[in-house]
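A closer look at the structure
Letter by letter, the chains look like this.
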Amino acid sequence: MGIATVNPATGETLKSFEPLSAEEIEVKLALGSATFKQYRKIPLEQRSQWLKAAADILERDQRKFGEIMTLEMGKPIKSAIAEVNKCALVCRYYADHAADFLKDVPVTTDGSRSFIRYQPMGIILAVMPWNYPFWQVFRFAAPALMAGNVGILKHASNVPQSALAIEAILTEAGFPAGAFQTLLIGASQVESIMKDDRVKAATLTGSEPAGASLAATAGKQIKKTVLELGGSDPFIVLESADIEAAATTAVTARLLNNGQSCIAAKRFILVESVADRFEQLLVEKFQALKIGDPMLEDTDIGPLATPSMLLEISQQVQETVTKGGKILTGGQVISDRPGNFYPPTILTDIPVDSPGYSDEFFGPVALLFRVKDLDEAIELANSTIFGLGASGWTTDTAQQERLIEEIEAGCVFINGMVKSDPRLPFGGIKRSGYGRELSIQGMQEFLNVKTVWIK
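Rules used in this analysis
Residues numbered from 1 in each chain as written. Predicted model: local features only at pLDDT ≥ 70, side-chain atom pairs only at ≥ 80, totals over all residues. Heavy atoms only, no water. Helix = DSSP H or I, 4+ residues; strand = E, 2+ residues; numbered from the N terminus. Rg over C-alpha atoms; globule rule 2.2 N^0.38 Å. Buried < 20%, exposed > 50% of the residue type's maximum accessible area, 1.4 Å probe, protein only. Contact = heavy atoms within 4.5 Å. Lys, Arg positive; Asp, Glu negative; His and termini not counted. Charge placed at Lys NZ, Arg CZ, Asp CG, Glu CD. Axes fitted to C-alpha atoms, helices over the stretch in contact; angles between N-to-C directions. Parallel < 35°, antiparallel > 145°, perpendicular 65-115°, else oblique. Left-handed = near helix turned anticlockwise from the far one by under 90°. Pairing = 2+ DSSP bridges. Core = buried A, V, L, I, M, F, W, Y, C linked by side-chain atoms within 4.5 Å. Phe/Tyr/Trp six-rings, centres within 6.5 Å; stacked < 30°, edge-to-face > 60°. Lys NZ or Arg CZ within 6 Å of the ring centre and 35° of its normal. Nonpolar A, V, L, I, M, F, W, Y, C, P; charged D, E, K, R; others polar.

For the rest of this paragraph, the subject is the overall build of the protein. The helix and strand tally for the protein stands at 15 helices and 20 strands. In terms of overall size, the protein behaves like a compact globule, its C-alpha atoms giving a radius of gyration of 23 Å where 455 residues would be expected to give roughly 23 Å. In terms of overall dimensions, the protein has a C-alpha envelope of 65 × 60 × 40 Å along the principal axes. When burial is assessed residue by residue, the protein has 58% of its 455 residues classed as buried. Counting only contacts in the protein whose residues sit at least 6 apart along the sequence, the fraction spanning at least 24 positions is 72%. Once the 44 positive and 54 negative side-chain charges of the protein are each reduced to a mean point, those two points are 8 Å apart.

This is the structure in structure tokens:
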């Protein structure tokens, strides 16, 4: 894929960019390395002021930044603006809490004085995806910059203007040149950057193959990585659940960002006693959604980000149906308009040997499963290679505790949809990745945890 802004609602190429040359990359790495030596000494109070200024800029120009995202990857404008404001939130969170997160931690030992000190590592490479072009970057950049690290960003090739806008925001906010740099490069250029001694660690949000590739390169260099990869999150509805609330939340949980989210609810696991009612409500709510121009405020579902995403989701649905799955609504590519549009779709009676049973569906498709009881629900929920998030719906406290204890995932939400929150650590297990972002744990991922002992 070339580095370009291609409007997914029309297919029109709006702007193209040439990848940086090896010489241009070297200039940026040299600047980042030189900047780190001074930037790490800047008082936390100053870094906090700059990060709060970035939050102000995000809020001031929220419509402009939202439109950039919508033009590049197709999310409805109301969702894009909400994403911009969430970025401001994470900036303020770390600006306010970094001093507590980074302070020395005293430990009683046989020494006169012992403590743990947290120190920055240097240049951190961020390889980021297109589905949340601003949020994914800021949830890395805010803690990294507050910790005294410097960042270099390799963003997805279809959101270059988002990548450049983020660098411009941080520069306007006052961060020194070299503290955060966007590198417009292709995927093939990442390996050499990861091998550079000046790059100390990396974080990647994206596909399982991309994560495996980066981690393999980093492993050979003995460099730390944090990976947030795919998900096939279960949404479990048990007999005591508020079915109306669960169904209403399910629409957003599955279709937010046009269904293109790692932590979207993808597999809806329903006990038999509530399955008919939940299914009826979900079909009604899916059919009521408005598909159209993502720049319009009343649009619920916009286009998928790329033609390849449209082709993949269509093939997954068709193969699942061919093997015996049943379409309750949707299921056909929208061909009466330009762009990568796919309707909100619900599949049921999903065969074990079909994509609907085992694959991640990255688009507006809900997969419905029926089970007899909680035991079967947990078994089905865990029967996946992924382990990112899970949502469970029940008012029974014993059932809640079993879901919390037995679901194999990085996070479990009870009677609510899975979401990321600056106050809570975020990440997965199994093939959904490792390490954590956000909260204090996200900041500590890229710090030297130094033991100090004094006699």
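At a minimum axis separation of 9 Å, helix α9 (residues 243-255) and helix α10 (residues 272-287) run at an interaxial angle of 50 degrees. The angle between α9 and α10 places the two elements in the oblique class. Seen from above, α9 lies across α10 with right-handed handedness. Counted together, I243, E244, A246, A247, T248, A250, V251, R254 and L255 of α9 and V274, R277, F278, L281, L282, K285 and F286 of α10 form the full contact between these two elements.

Moving on: the environment of N382. Positionally, N382 belongs in the loop between α13 (374-381) and β15 (386-387). The spacing of N382 and E408 is 26 residues in sequence and 5.9 Å in space, taken between C-alpha atoms. The contacts of N382, once residues within four sequence positions are left out, are E406, I407, E408 and K430.

For the rest of this paragraph, the subject is the sheet that holds strand β12 (residues 326-329). The strand order across the open sheet formed by 7 strands is β12-β13-β14-β11-β10-β16-β17, and the pairing between neighbours is mixed. Each edge of the sheet is formed by a strand with only one pairing partner; in this case those strands are β12 and β17 (411-414). Between one strand and the next, the sheet's axes are offset by a mean angle of 25 degrees, whatever the strand orientation. The pairing of strand β11 (residues 265-271) with strand β14 (residues 365-371) spans 5 bridges and is parallel. Looking at the pairing, I269 lines up with F369 of β14.

Of all hydrophobic cores here, the largest spans 143 residues; its most connected members are L58, Y94, L125, F134, F138, F235 and F278. Per-element accounting of this core gives the leading share, 14 residues, to helix α4 (residues 77-102). Setting aside anything within four residues of it in sequence, one finds F235 in contact with A246, A250, A253, A265, R267, F268, I269, F278, S391 and W393.

On inspection of all chains with the given rule, the structure shows 13 aromatic pairs. Residues F65 and F134 carry aromatic rings whose centres are separated by 5.7 Å and whose planes lie at 40 degrees to one another, so their mutual orientation is tilted. Of this pair, F65 sits in helix α3 (residues 62-73) while F134 is found in the loop between β5 (123-127) and α5 (135-147), placing the two residues 69 residues apart along the sequence. For F65, a relative accessible area of 4% puts it in the buried group. A relative accessible area of 0% places F134 in the buried class. Through a chain of ring-to-ring contacts, three or more aromatic side chains come together here, namely F235, F268, F278 and W393. Note that K86 overlies the ring of W135, its terminal NZ or CZ placed 4.6 Å from the centroid.

This paragraph deals with the sheet that holds strand β6 (residues 150-154). Strand order in the open sheet formed by 6 strands is β7-β6-β5-β8-β9-β19, and the pairing between neighbours is mixed. A strand with exactly one partner marks an edge of an open sheet, and here the two such strands are β7 (180-182) and β19 (433-434). As defined by bridge partners, strand β8 (residues 199-205) adjoins strand β9 (residues 224-228) across 5 bridges and the pair is classed as parallel. Across the sheet, residue A201 finds its bridge partner in β9, namely K224. In the packing of helix α6 (residues 160-173) onto the sheet, the strands contacted are β6 and β7, and the crossing angle to β7 comes to about 155 degrees.

This part takes up the packing of helix α2 (residues 44-60) against α6. It is at 8 Å that the axes of α2 and α6 come closest, and there the two elements cross at 125 degrees. By the angle class used here, α2 and α6 are oblique. α2 and α6 meet at a crossing whose hand is right-handed. Only I169, L170, E172 and A173 of α6 make contact with α2, whose side of the interface consists of W50, A53, A54, I57, L58 and R60. A class-by-class count of the residues in the contact of α2 with α6 yields 8 nonpolar, no polar and 2 charged.

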